[in-house]
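Architecture at a glance
The primary structure of each chain is shown beneath.
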Amino acid sequence: MTIINGYAVDAYCDCKQCQTETLPTGKYCRAEMISAAGETYAECAAEIKHHGWQLSRNRTAALAPGHKKPKGWGQ
């Protein structure tokens, strides 16, 4: 039996625009998303940051390149 170890992160932008965007049908839709995979969270975070994203210190929020931080972001 083989044991495989890994870590994956799917980061969605938490700016106000991305949080309130809807499709023409009225369904909720997040415009910005990025995925990363590695052996640790640090590897995933480095890959995401390499693409210009910002991650909060508490690992609960992400911000796409060029998007504005909302009040209380990442606290």
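Let me sum up the structure you'll find in this document.

Glancing now at the overall build of the protein chain. Of the regular secondary structure elements, the protein chain holds 2 helices and 4 strands. When the elements of the protein chain are put in sequence order from the N terminus, they spell out β-α-β-α-β-β. Counting every position in the protein chain, which comprises 75 residues, the buried fraction comes to 28%. Restricting the contact set of the protein chain to residue pairs at least 6 apart, pairs at least 24 apart contribute 39%.

With 18 residues, the main nonpolar core has Val9, Ala11, Cys13, Ile48, Trp53 and Leu55 as its most contacted residues. In terms of residue count, helix H2 (residues 41-50) provides more of this core than any other element does, 4 residues in total.

Within the secondary structure, Glu32 sits in the loop between helix H1 (16-20) and strand S2 (33-38). By relative accessible area, Glu32 is classed as partly exposed at 31%. Counting along the chain gives 31 residues from Glu32 to Leu63, while the straight-line C-alpha distance between them is 8.8 Å. Every residue in contact with Glu32, bar those within four places of it in the chain, is listed here: Ala11, Tyr12, Cys13, Cys18, Trp53, Ala64 and His67.

The rules behind these values
Residues numbered from 1 in each chain as written. Predicted model: local features only at pLDDT ≥ 70, side-chain atom pairs only at ≥ 80, totals over all residues. Heavy atoms only, no water. Helix = DSSP H or I, 4+ residues; strand = E, 2+ residues; numbered from the N terminus. Buried < 20%, exposed > 50% of the residue type's maximum accessible area, 1.4 Å probe, protein only. Contact = heavy atoms within 4.5 Å. Core = buried A, V, L, I, M, F, W, Y, C linked by side-chain atoms within 4.5 Å.

Read these as spatial facts, not as claims about activity.
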